[in-house]
Each structure stands twice: as C-alpha cells, then as structure tokens.
Amino acid sequence: MRAIIVFVLNSAILLTGCATSVRSRQTAQSTTSVIPSPLGVPNSVASLGPYEFVSVQGTGQIFTYSITSRSQVLIEPVYQAPCNDPSGMVITSVAESNVMAVVCYDTGFLLTLRIHADGSLSLLGLVEGLGTPYPGIALDGTNVFVPLFGVPFSANGGVAKVNIAFPANPVITGVTTLASPSTGGFANPGYLTVAGGYIFVSAGSESDPQSTSSTIQVVNESTMKLVGSPFPVAHSPQQLAVQGTVAYVTMFDAVQLESIDISDPTNLRSLEILPLATGAGCHAEPVVVRNTHAYVGCHAEGVIDEVDVTSPSNMKLVQYIPGIDSPQRLKVKGNYLLVTSSISGGSVYQIDMGLLN
C-alpha cells in the first residue's frame, strides 16, 4: 500500500490526566457498507449535499454515492483520475460552481474537479510539483493546505498552500518546511487541519529519541511561517480534529487520545491524555468531533471508539462500534458517520449516529 499507511512517525510527551474508562459495546444495528472496488484501497471520503465521494488508491478512481435513502447508492460513471493514487479531498464553492480539490500521492498533482448537479465529476485543472503529498489535506476559503512528506532520515517534510480561486489554474502560493525535532533528526507531516488562521500539523518523526521527536507544529496561514515552538507528543501521532479552542490528536503506538488547548497558537498546552487501552485497546488513527463526542477509529482493532469530550480535560470513553475493518478516514455528514477502510477491496461504512445513544 502506498499512502494508505498508518503514519507511524511521531514522538512523546508528559503524561497528564491519565484517566481510565470502561467502554461498552454498541449493539444497535446502525451500520451499512459498500465496497467501491474489489482491487483498490479506499482512502478518503468527502460529501456535498446528497452525495458522498470516495477516493480509491491503486485504481485511480473516485466513486460517487447518493446517500439520501439511508444507504449508499452508486452514481455512474465512476471518475477515472489522471493518477493511480488519488487520496485527500476537499470541497468548496467557487464562482457558483462546486469544486473538489484532490491530491495524488503517486504523481504529486493537485487536481481540481467540477462537481455536477448529478454528482458526476470532470477535470478542471491541475498543478504539479507537490512532491509526495499526504492525504490529510485541509481547506480554508479557496486555499488548500497539503502535507508534504520529506525524505526519510534525510530531509524534513513541509506544508504547501495551493490557491484554487481559479479552478482551471490552481497555483502553489507558498511552502514551508517543518522544524526538526529539538534533539535533531527529521519530521514529517501526516495530517493537518486549519482553525483561526493557523495550520495545525501532526509532525511525526522516527528520529531518536523517539519519545521526544514527534510534535504538533503550527503554521500561520497568511505568512506560511512557523509560529511558536514544536509541541512534543507521543510517538506516532496520527490525525487531528479541532473544536473551538481544543485540538484532539490520536496516537497510534501509544494508544491514546490527547486534548490540547490551542487558544494561543504560539503556546500549545496539553489538557489531558486519555488512554485507549481498555478492552481490546485502540491503535488510534482517524478522529472527528461532533457536538460533545469524539469518534476515534481504532485501526488495528477494527472498531470506532466514542469519547465524551464535554470536558476536554476530563474525557471519558463511552462505547465502541464494532465491525469496522481498518478505519482510516472519518467524516461527519448530518446524522451519519462515514468511514473508509484502508484494505484492498475495503468498505465504506455509513453509521447512523442517531442510534448510538
């Protein structure tokens, strides 16, 4: 697998607030699924109106599903991208047209696609030169922010800013390089999100000592300059979700979820580190937040953990949803949780969150 990997690259931190919780199994019959391709690997999921879009690596396809009938109904034709590994996707409106931006892991392209009223897709433009773009891209206005993987044990990765205000002619308008860990070595971004004019980057590192080499780094959107100092976290941080002034970060190796105060982007502060090792454990990768609950994909265990984050300093495991093979991406769509499975011939799940409580 190429970009479908679990981003096993990040570092350590002080343990604060090691609360323990016991989660219960969710027994409601609330999950349906489809298999986009028997050969490809589902990567990312995006949505617009009644449609769900799924990028599939290995086959170069983006599938469209109608999700208006509490099920996923394929809309044809399936879009064939000019690359083998389309991954991260974001959607916006530009000049009264719905536009999707997609990065291609294998070619270093960012594609812009028109989303037609029937859910079909067509190519508008593309920009080359993004090196090795990772799927965890983010959108603010007409700017797409792309994590760029560096050269392992040789060069730091970075973040690119691509403007799609003119979708037929997307332009790279800025690139910043991540800071090295304080002990030396190299850092690479696995995922990023944007909030309040800043880009929050999950920067993993395999440099020694691994207990302190991974960080969360912050970039000013306007200047594309790093701000503050890299904030150390446990090895192998994965994805981030922001709600208000709190970021939630998953830790694959450490089986943890950390809440971080981002109210001052130059001075991040840990609120709590919640162990996810009860029961079968949770090698956490994707995370999304909806209202007072976070949903964490346990990649190795094949479940989704539900966490009460009403108080970010006192998070509580509530329950888990079984039967979700290798969850890689999560997307909230109304009352549904959409999940991609990162295995060849993997599924895309639709979970009715209205039946979870």
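Residues numbered from 1 in each chain as written. Predicted model: local features only at pLDDT ≥ 70, side-chain atom pairs only at ≥ 80, totals over all residues. Heavy atoms only, no water.

(A) Region of interest: the nonpolar core. In this structure, Tyr248, Leu257, Leu276, Val296, Val307, Val309 and Met315 are the most contacted members of the largest nonpolar core, which totals 19 residues. Sorting the residues of this core by element identifies β21 (246-251), β23 (269-275), β24 (284-290), β25 (293-298) and β26 (303-308) as the ones contributing at least two each. Residue contacts for Leu257: discarding those within four places in its chain leaves Tyr248, Val249, Thr250, Glu272, Ile273, Leu274, Leu276, Val287, Val296, Val307 and Met315. Ranked by size, the runner-up nonpolar core spans 17 residues in total, among them Tyr51, Cys83, Met89 and Met100. (Core = buried A, V, L, I, M, F, W, Y, C linked by side-chain atoms within 4.5 Å. Buried < 20%, exposed > 50% of the residue type's maximum accessible area, 1.4 Å probe, protein only. Helix = DSSP H or I, 4+ residues; strand = E, 2+ residues; numbered from the N terminus. Contact = heavy atoms within 4.5 Å.)

(B) Layout of the sheet that holds strand β22 (residues 256-261). Taken together, the 4 strands give an open sheet; going across it, the order is β20-β21-β22-β23, and neighbouring strands pair in antiparallel fashion. Looking at strand neighbours, the two that pair on one side only are β20 (237-243) and β23, the edges of this open sheet. Across this sheet, the average inter-strand angle for adjacent strands is 20 degrees, counted without regard to direction. When β22 meets β23, the two strands line up antiparallel, connected through 6 bridges. For Gln256, the partnering residue across the bridge sits in β23 and is Pro275. (Pairing = 2+ DSSP bridges. Axes fitted to C-alpha atoms, helices over the stretch in contact; angles between N-to-C directions.)

(C) Layout of the side chain of His235. Its place among the elements puts His235 in the loop between β19 (226-232) and β20. Reaching out from His235, the side chain makes a polar contact with the side chain of Glu206 at a distance of 3.0 Å. (Polar contact = N/O pair within 3.5 Å; in protein donor to acceptor, adjacent residues only side chain to side chain.)

(D) Quick look at the confidence of the model for the protein chain. Mean pLDDT over the protein chain works out to 90, with 90% of the residues at or above the 70 mark. The model gives residues 1-20 a pLDDT under 50, and that stretch makes 98 contacts with residues more than four places away or in other chains. (pLDDT = per-residue confidence, 0-100.)

(E) Local environment of unusual backbone geometry. The amide bond that connects Glu76 to the next residue, Pro77, takes the cis arrangement and shows omega of 5 degrees. Relative to the assigned elements, Pro77 resides in strand β6 (residues 73-80). Across the junction of Asp208 and Pro209, the peptide omega takes the value -5 degrees, indicating a cis bond. Counting through the fold element by element, Pro209 comes out in the loop between β17 (198-204) and β18 (215-220). Phi at Ala95 takes a positive value of approximately 50 degrees, unusual for a residue other than glycine. Secondary-structure assignment places Ala95 in the loop between β7 (86-94) and β8 (97-104). By relative accessible area, which is 73% here, Ala95 ends up exposed.

(F) Just the pairing of β20, in detail. Across the 7 residues of β20, 5 count as buried, placing the element largely inside the fold. Here 5 bridges tie β20 to β21, and the two strands are oriented antiparallel to one another. Bridged to Val242 within β21 is Ala247. Counted along the chain from β20 to the antiparallel partner β21, the turn is 2 residues long, and its residue Gly244 has a positive phi close to 65 degrees.

(G) How the structure looks around the sheet that holds β17. Taken together, 4 strands build an open sheet; the order of strands is β16-β17-β18-β19 and the sheet is antiparallel. Since the sheet does not close on itself, it has two edges, and those belong to β16 (188-195) and β19, each with one partner. Between one strand axis and the next, the sheet turns by 20 degrees as a mean value, whatever way the strands run.

(H) Geometry of the pairing of β25. When you tally the buried positions in β25, you get 6 out of 6 residues, the bulk of the element. As paired elements, β24 and β25 share 5 bridges and run antiparallel to each other. Looking across to β25, one finds that Val288 is bridged to Tyr295. Between the antiparallel neighbours β24 and β25 lie 2 residues, among them Asn291 with a positive phi of about 55 degrees. In this structure, β25 lies alongside β26, joined through 6 bridges in antiparallel fashion. Opposite Gly297, over in β26, you have Ile304 as the bridge partner. The antiparallel hairpin formed by β25 and β26 contains 4 residues in its connecting segment, where Gly302 sits at a positive phi of about 70 degrees.

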